[in-house]
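Here are the chains, one letter per residue:
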Amino acid sequence: MLLVCLSRASRGARTIGSTGVFTVNVLGRDQSELAGWFASSRRPLGSAGFAGVPHRIGFAGVPVLDGAVAHLDCRVAQEVSAGDHSIFIGEVSGIAFADRADPLAYHQGQFRSLR
């Protein structure tokens with residue numbers, strides 16, 4: 001099981017709520033710029049936010065980012081409302097790992113490597 005927590009007002013929460021699927025991409029340590037792009041409020045909404053970002057559409061019908069260390073496809077098992085957020089608890093239906101295994105971490109306001 002895996003969970004994601006999103007603002008209930010976000011387009012992502014509405015999309016996950018209506019499709020019942022989501023994918024978590026685990027980025028590599030060399031992808032901090034890409035992580036910043038997807039965390040930015042300046043990123044265009046929807047598929048326009050993926051323009052110029054190398055990706056493919058995965059098994060769940062959701063973008064899988066090229067170069068990611070891993071990705072996990074999930075089907076929503078439960079949605080929980082908490083304050084102004086939706087918590088989507090997903091059952092992992094597919095998983096893939098790249099050969100390299102140095103994931104990107106974000107800790108104390110900085111991107112870091114786990115090594």
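A few points on the structure. All values reported here derive from a predicted model rather than from experimental measurement.

## Topic: the pattern of salt bridges
Two side chains bearing opposite charge may form a pair once their charged atoms approach each other closely.
And step 1. Considering all chains together, one arrives at 2 salt bridges under this definition.
And step 2. For Arg-29, the salt bridge goes to Asp-102, with nearest N and O atoms at 2.7 Å. Note that Arg-29 is positioned in the loop between β2 (21–26) and α2 (32–39) and Asp-102 in the loop between β6 (85–97) and β7 (104–107), a separation of 73 residues in sequence.
And step 3. Among the residues examined, Arg-29 registers a relative accessible area of 53% and is labelled exposed.
And step 4. You can call Asp-102 buried: its relative accessible area is 6%.
And step 5. When the shortest N-O distance is used, the salt bridge between Asp-66 and Arg-56 registers 3.8 Å. Highlighted residues: Asp-66 in the loop between β4 (63–65) and β5 (70–82) and Arg-56 in strand β3 (residues 55–57), separated in sequence by 10 residues.

## A short note on the packing of aromatic side chains
And step 1. Evaluated as defined, the whole model comprises 2 aromatic pairs.
And step 2. Ring centres 5.0 Å apart and planes at 50 degrees place the aromatic pair Phe-38 and Phe-50 in the tilted group. You can see Phe-38 sitting in helix α2 and its partner Phe-50 sitting in the loop between α2 and β3, a full 12 residues away along the chain.
And step 3. Measuring from ring centre to ring centre gives 5.0 Å for Tyr-106 and Phe-111, while their planes differ by 65 degrees; the resulting arrangement is edge-to-face.
And step 4. When its relative accessible area of 56% is taken as the criterion, Tyr-106 is described as exposed.
And step 5. By relative accessible area, which is 39% here, Phe-111 ends up partly exposed.

Parameters and conventions
All residue numbers refer to positions counted from 1 along the written sequence of the respective chain. Since the coordinates come from a predicted model, pLDDT governs what is reported: local features require at least 70, and pairs of side-chain atoms require 80 or more to be given and counted, while whole-chain, interface and lining totals use all residues. Neither water nor hydrogens contribute to the side-chain values; these are computed over all heavy atoms in the structure. Here, a salt bridge means any Lys or Arg side-chain nitrogen found within 4 Å of an Asp or Glu carboxyl oxygen. Helix and strand assignments come from DSSP, with helices taken as H or I runs of at least 4 residues and strands as E runs of at least 2, each series counted from the N terminus. For each residue, the accessible area found with a 1.4 Å probe, counting protein chains only, is set against the maximum for its type, and the residue is called buried under 20%, exposed over 50%, and partly exposed in between. A pair of Phe, Tyr and Trp rings is counted when the ring centres sit within 6.5 Å of each other, with Trp represented by its six-membered ring. The angle between the planes then sorts it: under 30 degrees is stacked, over 60 is edge-to-face, the rest tilted.

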